[in-house]
Amino acid sequence: MLEIYAGKNALKTIQDHGFKQELFTNFLGASGGPKWFILFGLDKYLFGDFFKGRNTELNLIGSSAGAFRAACLTQNNPVQAIERLAFTYANTAYSAKPTPQEISAHAVTIVDVLFGEDGANEVINNKIFKAHFLVAKCHGLTAFDNKIMQGAGLINSMLLNKISRKLLSKQYQRHIFKHPSSNLVINDPYNFSNVYQTLTPDNIKNAILASGSIPMVMSGIKHIDGAEKGTYRDGGIIDYHFDFSLANEGKNQINDTQSSQALTLYPHFSSEPKAGWFDKNSTRKVLTASYDNTVLLAPSKKFIQSLPFNKIPDRTDFTKLDTATRIKYWEKVLEETDKLAECFNEFVVTQDIAKIREFQP
């Protein structure tokens, strides 16, 4: 039902120390729109039980939907926040042919509900669970909201990416909107430049909106307080499912080495992550070295087949299903994901380390 994969170093660390929350210093949340619903039960369990009472920092790094999840899971009541997000997201309805402006307006509402009355301040002031939102700053034609110009820019991106992922840095720059006291560093083998920007009450909502602003579908965010002028879009453009490693200043409480050796927990809807948005349909695999210290949790194909329509929710459901059918389907998936949480809890309790497979892209 739930598959567990670990990079080479992560597997050895778990074999030496057991599987426990203290091993992890980072938590990843990928892009993918409503695909994140499959992780709903795990999110509730992880931040309602597994990490509850933690007294050392955990960095949450998310792009697009993963950023929305990070904004929930770093609030004082993470379970309540993620439930608000799931309910609001699932019940959002659009017109038959929504414009980017309409979709963006709904996203503003979702963010407002996600944060509730004081959630934004709770995220910024949380000393243990530290949020990081990944955003792509666009250059050239990709910065325009005009669909013809933006489309031409995206076609160029596809061609550049086909030649080499590194060439995308000509059009996109990674911005990391980070917790005020975070020392997280992203080590990117493809040499995208990183701009670290501190989250504040004045920029947190626009930062998370930018992280989820899908090209061609939504309007780009033109202004984020404290950041340089430009057009900011979906963090998944660069970091769809991630292909980088993470480092933190300070010490790893397990073996007193640099915390770059600490582990990253990555609940994901697939056991085959793709680096960037333009890799979705490519055969390019992520680098093994990027996942050396990562533990990836993914639903099994059998579990996915047991869901309505035999699949994970995705954005095409908005157009392929009528609103009532889609909402009923999504709510059923949210309910079923508690089974993945139960499966993971059983693994934690029994410490059946033999169930972990070595991650091999």
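Attention here is on the structure that accompanies the text. (Residues numbered from 1 in each chain as written. Predicted model: local features only at pLDDT ≥ 70, side-chain atom pairs only at ≥ 80, totals over all residues. Heavy atoms only, no water.)

**Quick word on a nonpolar patch on the surface**
As a reminder, the rule being used: Surface patches are defined over residues having more than 30% relative accessible area and no salt bridge, joining like charges when they lie within 9 Å and nonpolar side chains (Val, Leu, Ile, Met, Phe, Trp, Tyr) when within 5 Å. Reported accessibility uses the Shrake-Rupley method at a 1.4 Å probe radius. Residues are deemed covered only where the shown protein chains occlude them. Should a side-chain nitrogen of Lys or Arg be within 4 Å of a carboxyl oxygen of Asp or Glu, the pair is scored as a salt bridge. In this text, helices come from DSSP runs of H or I with a minimum length of four residues, and strands from runs of E with a minimum of two, each type numbered from the N-terminal end. Burial classes follow relative accessibility: with a 1.4 Å probe on protein chains only, a residue under 20% of its type's maximum area counts as buried, one over 50% as exposed, and anything between as partly exposed.
The grouping of L141, F144, I148 and M149 at the surface amounts to a nonpolar patch, some 380 Å² of accessible area in total. Here M149 is to be found in helix α7 (residues 147-163). Judged by relative accessible area, which is 31%, M149 ranks as partly exposed.

**What to know about the side chain of E122**
The condition that has to hold: Charge convention: Lys and Arg are scored as positive, Asp and Glu as negative, and His as well as the terminal groups of each chain are ignored. We call two residues contacting when some pair of their heavy atoms lies within 4.5 Å.
Mapped onto the elements of the fold, E122 is located in helix α6 (residues 119-125). At 6.5 Å, R84 is the nearest oppositely charged side chain to E122, a buried residue that forms no salt bridge. Not counting the four nearest positions on each side in its chain, E122 is found in contact with T74, Q75 and N76.

**Overview of the packing of aromatic side chains**
What counts, and what does not: Any Phe, Tyr or Trp ring, taking Trp's six-membered ring, that has another such ring centre within 6.5 Å forms a pair; planes under 30 degrees apart are called stacked, those over 60 apart edge-to-face, and the others tilted. Charge over a ring is defined by NZ of Lys or CZ of Arg lying within 6 Å of the ring centre and within 35 degrees of the ring normal.
A complete count under the given rule lists 25 aromatic pairs for this structure. Ring geometry for F19 against F50: centres 6.0 Å apart, planes inclined by 35 degrees, an arrangement best described as tilted. Of this pair, F19 sits in the loop between α1 (8-17) and β2 (24-29) while F50 sits in helix α2 (residues 40-50), and the two are 31 residues apart along the sequence. These aromatic residues form a ring-pair network of at least three members: F19, F24, F27, Y45, F47, F50, F51, F129, F344 and F347. The ring of Y190 is capped by R165, whose NZ or CZ atom sits 4.8 Å from the centre of that ring. A cation over a ring is seen here: R326 above W330, with NZ or CZ 4.7 Å from the ring centre.

**Comments concerning the nonpolar core**
This is how the line gets drawn: Definition of nonpolar core: a set of buried residues of the types Ala, Val, Leu, Ile, Met, Phe, Trp, Tyr and Cys, connected through side-chain atoms within 4.5 Å.
F19, F133 and F344 are the most contacted members of the largest nonpolar core, which has 96 residues in total. Ranked by residues supplied to this core, first place goes to helix α3 (residues 65-73) with seven residues. The residues touching F133, leaving out its near neighbours within four places in the chain, are G62, A67, A70, A71, H175, I176, F177, L199, I204, A207 and I208. The next biggest cluster of nonpolar side chains, apart from the first, holds 18 residues, and it includes L184, I186, L246 and Y266.

**What about the packing of helix α4 (residues 78-91) against helix α5 (residues 100-115)?**
Between two packed helices, what matters for the description is the angle formed by their axes and the separation of those axes. Worth spelling out the cut-off: An axis is simply a line fitted to the C-alpha atoms; with a helix, the fit covers only the stretch in contact. Between two such axes, the angle follows the N-to-C directions and lies from 0 to 180 degrees. Orientation is classified from the angle alone, with under 35 degrees giving roughly parallel, over 145 giving roughly antiparallel, 65 to 115 giving roughly perpendicular, and any other angle giving oblique. The handedness criterion is simple: a crossing whose near helix is rotated anticlockwise from the far helix by less than a right angle is left-handed, and one whose near helix is rotated clockwise is right-handed.
Here α4 crosses α5 at 155 degrees, and the two axes come no closer than 8 Å. Relative to α5, the element α4 is oriented roughly antiparallel. With respect to the hand of their crossing, α4 and α5 are arranged in right-handed fashion. Residues A81, R84, L85, T88 and Y89 of α4 pack against I110, V113, L114 and F115 of α5.

**Description of the pattern of salt bridges**
Following the criterion strictly, the structure yields 17 salt bridges and no others. A salt bridge links R233 to D145, with the nearest nitrogen and oxygen atoms 3.1 Å apart. Separated by 88 residues along the polypeptide, R233 in strand β8 (residues 231-234) and D145 in the loop between β4 (129-138) and α7 bring together distant segments of the chain. For E335, the salt bridge goes to K332, with nearest N and O atoms at 3.8 Å.

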